[in-house]
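The residues making up each chain are set out below.
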Amino acid sequence: LPIACAGTVTGTTVGATSDAVPTCVTTLNTAPGVWYTFVGTGQSTVLSLCGSSYDTKIGVFSGTCASLVCVAGNDDACGLQSSVTFTATLDT
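The rules behind the values
Residues numbered from 1 in each chain as written. Predicted model: local features only at pLDDT ≥ 70, side-chain atom pairs only at ≥ 80, totals over all residues. Heavy atoms only, no water. Helix = DSSP H or I, 4+ residues; strand = E, 2+ residues; numbered from the N terminus. Rg over C-alpha atoms; globule rule 2.2 N^0.38 Å. Pairing = 2+ DSSP bridges. Contact = heavy atoms within 4.5 Å.

*Asks:* So what's going on with the overall build of the protein? Residues and values would help.
*Replies:* On a plain count of helices and strands, the protein comes out with zero helices and four strands. Along the protein, helices and strands appear, N-terminal first, in the series β-β-β-β. By the compact-globule yardstick of 12 Å for 92 residues, the protein fits well, its C-alpha radius of gyration being 13 Å. By its C-alpha atoms, the protein is 30 × 30 × 25 Å across when sized along the principal axes.

*Asks:* So what's going on with the pairing of strand β2 (residues 57–64)? Which residues, and what values?
*Replies:* Here β2 runs beside strand β3 (residues 67–75); their pairing, made up of eight bridges, is antiparallel. Within β3, the position partnered with Ile58 by the bridge is Asn74. In sequence, β2 turns back onto β3 through a hairpin of two residues.

*Asks:* So, the environment of Leu68: which residues are in play, and what are the values?
*Replies:* One can find Leu68 in strand β3. With 14 residues separating them along the chain, Leu68 and Ser82 place their C-alpha atoms 20 Å apart. In this view, Leu68 contacts Pro22, Trp35, Phe61 and Ser62; residues no more than four positions away in its chain are not counted.

Shape descriptors only; they carry no functional weight alone.
As structure tokens, then:
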């Protein structure tokens with residue numbers, strides 16, 4: 001699912017399945033997850049799940065599905081919810 005700059009996405013993990021996701025600062029394969037895409041602007045970027053009504057984890061990857069590269073990850077930045085700040089590579 002795509003995310004636009006300055007956009008807000010409302011989603012759910014209901015019906016999601018667990019993936020064999022590599023660790024990215026935190027373990028990510030402990031519960032079902034949802035994948036989103038984001039095209040980098042070359043600027044500092046914040047992706048936040050703060051305000052969610054359940055415990056969250058977030059992992060940011062570049063690369064391909066077969067060769068994921070961890071960019072940033074977090075568990076519990078704001079209570080039980082997660083947030084990351086990273087410099088997004090332009091057009092990646």
